[in-house]
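Here's the letter readout for the chains.
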Amino acid sequence: MSEILRKKSPRAPSIPLDEAVERVLKIYDKERRHAAPTDVIAQNLGYKNANNGAALSMIASLRSYGLLEKAPEGKLAVSKDAETYRFAPSDELKSQLRIKWLKTPNVFSELLDKYVGGLPSDASIRFELIQKGFTPASAESTLTILKKSVDFSKFFEQPLLDDDIEQEQGAVEPKPQVEKDDSVSNVQPKATDVPLVSSVAGFDRIPVRLAGGRRAWLEIPTPFYAADKLRLKAQIDLLLTEEEEAEPDSE
């Protein structure tokens, strides 16, 4: 036999995240979160049934983002997160879910964890995808889908922590010791201070990316003045100093 085996690329979504979200919401509008056979899911997506490559590829993409999940008896169901997104009362919550879905595919998560602060050139990503086992054609397609999904989720518009910045720069600078200064904690905002953060809800809940794919949240009141920022920074530095002083002597 002289049959030539086709090289199969690693798994990656075949559609960008914005299209995937739109498609899964169409399924939700018809099925809610009830489990449904694969053929029914395919029909809700506009296909005759699931017995064709296009339908299976679409369903696989929705599953890779975590928008569809397995159910008993070989059925599929819309994820709880997709339902939450459908009725989310705030753009903030929707943003959290978009970022979660963006990092669900392994290939996307690996690239986003590696390139903190922004993606490199298309040529660099294309080369890395080929090194991971993608064919040149699938690498090009995956690159386009990744960039569209990143833009949709506004991933790189999230604030960076010091750890992220140090990772991007490739070096860790020592943190200066800050002495407790009562004059900072007693600073009062002036009427002329310009608010640094605005929100109609009374406060902003700001996501902060941590190492290992974890996430923390800062709740910042509105308005947030420059004096507030100084006081918050002084308190954090004081806590770090007290923690270092409390560590036992290693000798």
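Refer to the structure printed above.
Criteria and thresholds
- Residues numbered from 1 in each chain as written.
- Predicted model: local features only at pLDDT ≥ 70, side-chain atom pairs only at ≥ 80, totals over all residues.
- Heavy atoms only, no water.
- Helix = DSSP H or I, 4+ residues; strand = E, 2+ residues; numbered from the N terminus.
- Buried < 20%, exposed > 50% of the residue type's maximum accessible area, 1.4 Å probe, protein only.
- Contact = heavy atoms within 4.5 Å.
- Core = buried A, V, L, I, M, F, W, Y, C linked by side-chain atoms within 4.5 Å.
- Axes fitted to C-alpha atoms, helices over the stretch in contact; angles between N-to-C directions.
- Parallel < 35°, antiparallel > 145°, perpendicular 65-115°, else oblique.
- Left-handed = near helix turned anticlockwise from the far one by under 90°.
- Nonpolar A, V, L, I, M, F, W, Y, C, P; charged D, E, K, R; others polar.
- Expected span 1.5 Å × (residues − 1).
- Arc of directions from axis to C-beta.
- Polar contact = N/O pair within 3.5 Å; in protein donor to acceptor, adjacent residues only side chain to side chain.
- Phe/Tyr/Trp six-rings, centres within 6.5 Å; stacked < 30°, edge-to-face > 60°.

K.L.:
Is there a simple way to explain the environment of His 34 in this structure?
P.N.:
With respect to the helices and strands, His 34 occurs in the loop between α1 (17-31) and α2 (38-44). For His 34, a relative accessible area of 57% gives the class exposed. With 42 residues separating them along the chain, His 34 and Leu 76 place their C-alpha atoms 8.4 Å apart. Ignoring any residue separated from it by four or fewer positions in sequence, one finds His 34 in contact with Leu 76 and Ala 77.

K.L.:
What exactly am I supposed to notice about the side chain of Ser 61 here?
P.N.:
As for its position among the elements, Ser 61 is in helix α3 (residues 53-64). You can call Ser 61 buried: its relative accessible area is 3%. Among all residues touching Ser 61, those that are not within four sequence positions of it are Pro 13, Ser 14 and Ile 15.

K.L.:
Help me understand the nonpolar core in this model?
P.N.:
Generally speaking, nonpolar side chains in soluble globular proteins are found buried as a group. Judged by nonpolar contacts, the single largest core of 42 residues is most densely connected at Ile 41, Leu 62, Leu 67, Leu 68 and Leu 129. No other element matches α1, which puts seven residues into this core. The contact partners of Leu 67, leaving out residues within four places of it in the chain, are Ala 20, Val 21, Val 24, Leu 62, Ala 77, Val 78, Ser 79, Ala 82 and Trp 101.

K.L.:
Which parts of the structure should I look at to understand the packing of helix α6 (residues 106-114) against helix α7 (residues 122-131)?
P.N.:
What describes two packed helices is the angle between their axes and the distance between those same axes. Interhelical geometry of α6 versus α7 gives an angle of 130 degrees and a closest axis separation of 12 Å. One finds that α6 runs oblique with respect to α7. The handedness of the crossing between α6 and α7 is right-handed. Here α6 contributes Val 107, Leu 111 and Lys 114 to the contact with α7, which in turn contributes Ile 125, Glu 128 and Leu 129. Class assignment of the residues belonging to the contact of α6 with α7 gives a composition of four nonpolar, no polar and two charged.

K.L.:
So what exactly am I meant to see when it comes to helix α8 (residues 136-153) here?
P.N.:
Residues lying three or four places apart along an α-helix face the same way, a consequence of the helix completing one turn every 3.6 residues. Helix length check: α8, at 18 residues, gives a terminal C-alpha distance of 26 Å against a target of 26 Å (1.5 Å per residue), a fit within 8%. The complete set of buried residues in α8 reads Ser 138, Ala 139, Thr 142, Leu 143, Ile 145, Leu 146, Ser 149, Val 150 and Ser 153. As for α8, its buried residues are in contact with α1, α5 (91-102), α6 and α7. Just downstream of α8, Lys 154 is the residue with a positive phi angle, here 55 degrees.

K.L.:
I keep staring at α3 and nothing clicks. Help me out?
P.N.:
Taking 1.5 Å of rise per residue, the 12 residues of α3 would be expected to cover 16 Å, and the 16 Å separating its terminal C-alpha atoms lies within 8% of that figure. What α3 keeps buried is the set Ala 55, Met 58, Ile 59, Ser 61 and Leu 62. Relative to the axis of α3, the buried residues are bounded by an arc of 155 degrees and lie together on one face. Packed against the buried residues of α3 are α1, α2, β1 (68-70) and β2 (76-78). Put simply, Asn 52 is the residue that caps the front of α3, since its side-chain oxygen is 3.1 Å from the backbone nitrogen of Ala 54. Just downstream of α3 lies Gly 66, where phi reads positive at about 85 degrees.

K.L.:
Would you mind going over the packing of aromatic side chains with me for this structure?
P.N.:
One pair of aromatic rings is described through two measures. These are the centre distance and the angle between the planes. In total, this model carries four aromatic pairs according to the counting rule given. Centroid distance Tyr 65 to Phe 108: 6.4 Å. Interplanar angle 50 degrees. Geometry classified as tilted. With a gap of 43 residues between them, Tyr 65 in the loop between α3 and β1 and Phe 108 in helix α6 connect regions that are remote in the sequence. Each member of the pair Tyr 65 and Phe 108 is classed as buried. Consider the rings of Phe 155 and Phe 156, whose centres lie 5.0 Å apart with planes at 85 degrees: the pair is edge-to-face. The buried category is assigned to Phe 155, whose relative accessible area is 0%.

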